[in-house]
Amino acid sequence: VQLQASGGGLVQAGGCLRLSCAAPGNIFAKETMGWYRQVSETQRDLVASITVGGITQYKDPVKGRFTIFRDNTTNTVYLQMNSLRSEDTGVYYCNSLIGVLTNHYWGQGTVVTVSS
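Every chain is numbered on its own, with residues counted from 1 as its sequence reads. Per-residue local features of the predicted model are confined to residues with pLDDT of at least 70, and side-chain atom pairs are confined, for both listing and counting, to 80 or more; whole-chain, interface and lining totals are unaffected and use all residues. Side-chain measures here rest on the full set of heavy atoms in the structure, leaving out hydrogens and waters.

So, on to the overall build of the chain. Counting from the N terminus, the helices are the DSSP runs of H or I reaching at least four residues and the strands are the DSSP runs of E reaching at least two. Of the regular secondary structure elements, the chain holds 2 helices and 10 strands. For the chain, the α and β elements follow one another from N to C terminus as β-β-β-α-β-β-β-β-β-β-α-β. Seen through its C-alpha atoms, the chain measures out along the principal axes to roughly 40 × 30 × 20 Å. Looking at the chain residue by residue over its 116 residues, the buried ones come to 40%. Total accessible area on the chain is roughly 6,100 Å²; 50% of this is exposed by carbon and sulfur atoms. Only protein chains enter the calculation, and the probe is 1.4 Å; a residue is then buried if its accessible area is under 20% of its type maximum, exposed if over 50%, and partly exposed in between. In short, Shrake-Rupley with a 1.4 Å probe defines the accessible areas, and a residue's cover is counted only from the protein chains shown.

Here's what the structure looks like:
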């Protein structure tokens, strides 16, 4: 099973994008879900996370600009990205917390390019 992120694209600085990621119910239903950005060949940093109950956490640079939310009826997690900056450019992935800890479920990611 791989979690496929979608919704990336090329936008100008200040623009917005909405990323989405649908997961199988057995992964999504009881898992904290997160969005990650590739920062090196071997490292992906957490950008935002959301628990099943809706508690969210954000990396400092995206606070106030990005919003993570989930639809538990469709097993989909979203990342609304507003006021995009060139430093937000990268490949974004979604995964569950367990998936990150066990190195499972990583999909191909979706590319976000912000032009200044």
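Once that is clear, we can look at the state of the cysteines. A pair of cysteine sulfur atoms is labelled a disulfide when the two atoms are within 2.5 Å. Counted according to the given criterion, the structure contains 1 disulfide. Left without a disulfide partner, Cys16 is nearest to the cysteine sulfur of Cys21, which lies 20 Å away. Using a relative accessible area of 47% as the deciding quantity, one classes Cys16 as partly exposed.

Only buried residues count toward a nonpolar core. Its members are Ala, Val, Leu, Ile, Met, Phe, Trp, Tyr and Cys residues joined through side-chain atoms within 4.5 Å. By size, the foremost hydrophobic cluster in this structure holds 25 residues, and its most contacted members are Trp35, Phe66, Val77, Leu79, Met81 and Tyr92. When residues of this core are traced back to their parent elements, those giving at least two are β3 (17-22), α1 (25-28), β4 (33-38), β5 (44-50), β7 (66-71), β8 (76-81), β9 (90-96) and β10 (110-115). By definition in these notes, contact holds between two residues if any of their heavy atoms fall within 4.5 Å. Filtering out sequence-adjacent residues up to four positions away, Met81 remains in contact with Gly15, Cys16, Leu17, Leu19, Arg65, Phe66, Tyr92 and Val112.

Now for the pattern of salt bridges. Salt bridges are defined as contacts in which a side-chain nitrogen from Lys or Arg sits within 4 Å of a carboxyl oxygen from Asp or Glu. Taken as a whole and assessed by the stated rule, the structure comprises 3 salt bridges. For Lys63, the salt bridge goes to Asp60, with nearest N and O atoms at 2.9 Å. Judged by relative accessible area, Asp60 falls into the exposed class, the value being 57%. Notably, a salt bridge pairs Arg65 with Asp88, separated by 2.8 Å at the nearest N-O pair. One end of the pair, Arg65, is in the loop between β6 (56-58) and β7; the other, Asp88, is in the loop between β8 and β9, and 23 residues separate them in sequence. Under the relative-accessibility criterion, Arg65 is labelled buried at 7%.

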